[in-house]
Each structure stands twice: as structure tokens, then as C-alpha cells.
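# Close look at the chain arrangement
Here's the letter readout for the chains.
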Amino acid sequence: HLLIDQSITDTQTLTFELSPPILYDLGLEAALDWLTEQTQKQHDIAVEFIDDDTHKAIDESLRILLFQSTRELLHNVVKHARATEVHVYISKENDFVRIVIYDNGIGFEATRKEEDVKKGGFGIFSIQERLKHQGGRLEIESDPATGTRVTIISPMAARNSNPEIKQ
């Protein structure tokens, strides 16, 4: 019984972390603010969230993609970067949203071989592919001396959205 209860709790926690209600209720910025606070609390690392305070009318499917991508990238920082500080910055540029995640960690080799992707570098590859599918992109700059800067650039309107159906 205990194992089943723990499995249910773990599943609910994971589901909440992958797509928290705040994302739907209050938007991407509030969800990213919550995510950075959680990351800071759970991993004892300074995480700052900065919003340019512009209104960003982002389609729901893209809000989910951007939240999950940022979550994955923050997870990578915590797991691999040995950083003491991380900054997450979101801004609007015309019809695009830009999220920049930069840390003061040890950096990494951004040009990964295929076997590295199979060993666990799948997160970044998956994010790149999903963004590309929507007309966005992922930019990575990494240096052992200065850390890593990952920039997510995404349109605010999903490619498959019907303009006649407003949510």
C-alpha cells in the first residue's frame, strides 16, 4: 500500500512540476517566477527571474513548451554546471518571446556527438527540435571561464493554431 501511495504522490508531483496550474491561471511569467523560486529552494543555488514587464500573448501550447524547456535547462544547470548563480530573463521582441538562461558555471561543449545525445544530452536536442518545429530556435554560448548562456527564441503564436479560434 505504501509503495502505491508513494507512486501516486510522485506522479502528482511530477505532473505538477511539468505543467503547474499557475501556468494556465497566471501565465508563463508567473510560472517561470515560481519555477526559479522552487529551483533556488530545492538546490541551494541563487536563481534570479527578470521579466521585461511587457504583455506577452503566448499561445497555450507554446507556453507549455517554453515552461518545460526552461525547466529542463534549469535542471541541466543544477545537475551539471556547478554554478552558484543562474539568471532567467524573459522579454518580448515583436511577435517573439526570448528567454535567456545564463549561469556562472563550468560551461560545456555545445557541439555534442550523437552518442552524447543518447547518453543524456537529449534534453537540449529535444528542445531544439520542438522549437524549430514552431519556427523558433535555441542558441547556446558556453565558456568554462564565464559559464553558459542559452537563449530560447519562440514565436508567440503556434504554427498550428487557427486564427479564427480565440482562446
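Everything that follows concerns the structure shown earlier in this document.
Scope of this entry: the structure provided in the associated data block. From a predicted model like this one, the values you see are computed outputs, not experimental measurements.

## Some words on the environment of Ser61
- Position of Ser61 relative to the elements: it lies in helix H4 (residues 60-81).
- Between the alpha carbons of Ser61 and Ala158 there is a distance of 7.0 Å; along the sequence they are 97 residues apart.

## Some thoughts on the sheet that holds strand E1 (residues 46-51)
- The strand order across the open sheet built from five strands is E1-E2-E3-E5-E4, with neighbouring strands paired in mixed fashion. Strands with a single pairing partner mark the edges of an open sheet, and in this sheet they are E1 and strand E4 (137-143). Mean inter-strand twist for the sheet, computed between neighbouring axes without regard to direction, equals 10 degrees.
- Pairing analysis gives seven bridges linking strand E3 (residues 96-103) to strand E5 (residues 147-155), with the strands arranged antiparallel. When the sheet's bridge partners are listed, Arg98 is paired in E5 with Ile153.
- Sheet strands touched by helix H3 (residues 28-43): E1, strand E2 (85-93) and E3. Its angle to E1, the strand with the most contacts, is close to 170 degrees.

## Some details on H4
- Its 22 residues give H4 an end-to-end C-alpha distance of 30 Å, which sits within 8% of 32 Å, the value for a rise of 1.5 Å per residue.
- For H4, every residue scored as buried is listed here: Leu62, Arg63, Leu65, Leu66, Phe67, Ser69, Thr70, Leu73, Leu74, Asn76, Val77 and Ala81.
- Following H4 by one or two positions, Arg82 adopts a phi angle in the positive range, close to 55 degrees.

## Here's the deal with the packing of aromatic side chains
- In this structure the tally under the stated criterion is zero aromatic pairs.
- Over the ring of Tyr102 we find Arg149; its NZ or CZ atom is 4.7 Å from the centre of that ring.

## Let's talk about the pattern of salt bridges
- The tally for this structure, following the rule as stated, stands at seven salt bridges.
- Across the salt bridge formed by Lys56 and Glu29, the nearest N and O atoms sit 3.2 Å from each other. One end of the pair, Lys56, is in the loop between E1 and H4; the other, Glu29, is in helix H3, and 27 residues separate them in sequence. Residues Lys56 and Glu29 agree in their burial class; the two are buried.
- The salt bridge involving Asp51 is made with Lys56; its shortest N-O contact spans 2.8 Å.
- Under the relative-accessibility criterion, Asp51 is labelled partly exposed at 22%.
- A residue is classified by how much of its surface remains accessible, and Lys56, at 7% relative accessible area, is buried.
- Through salt bridges with shared partners, a single ionic network connects Glu29, Asp51, Asp52 and Lys56.

## A closer look at unusual backbone geometry
- At Asp44, a position not held by glycine, the phi torsion is positive, near 50 degrees.
- You can see Asp44 is positioned in the loop between H3 and E1.
- For Asp44, a relative accessible area of 76% translates into the label exposed.

## Section: the pairing of E1
- Both E1 and E2 contribute to a ladder of six bridges, which runs parallel. Looking at E2, one finds that Glu48 is bridged to His87.
- Regarding the hand of the β-α-β motif, the stretch spanning E1, H4 and E2 is left-handed.

## Quick look at the environment of Ala46
- Take Ala46: it is sitting in strand E1.
- Each C-alpha atom, one on Ala46 and one on Thr84, is 6.2 Å from the other, the two residues being 38 residues apart in sequence.
- Those residues in contact with Ala46, other than ones at most four positions away along the chain, are Gln40, Thr84, Glu85 and Val86.

What counts as what
- Residues numbered from 1 in each chain as written.
- Predicted model: local features only at pLDDT ≥ 70, side-chain atom pairs only at ≥ 80, totals over all residues.
- Heavy atoms only, no water.
- Helix = DSSP H or I, 4+ residues; strand = E, 2+ residues; numbered from the N terminus.
- Pairing = 2+ DSSP bridges.
- Axes fitted to C-alpha atoms, helices over the stretch in contact; angles between N-to-C directions.
- Contact = heavy atoms within 4.5 Å.
- Expected span 1.5 Å × (residues − 1).
- Buried < 20%, exposed > 50% of the residue type's maximum accessible area, 1.4 Å probe, protein only.
- Phe/Tyr/Trp six-rings, centres within 6.5 Å; stacked < 30°, edge-to-face > 60°.
- Lys NZ or Arg CZ within 6 Å of the ring centre and 35° of its normal.
- Salt bridge = Lys/Arg side-chain N within 4 Å of Asp/Glu carboxyl O.
- Right-handed = clockwise from strand over helix to strand, strands pointing away.

None of the figures reported here should be taken as evidence of function without further support.
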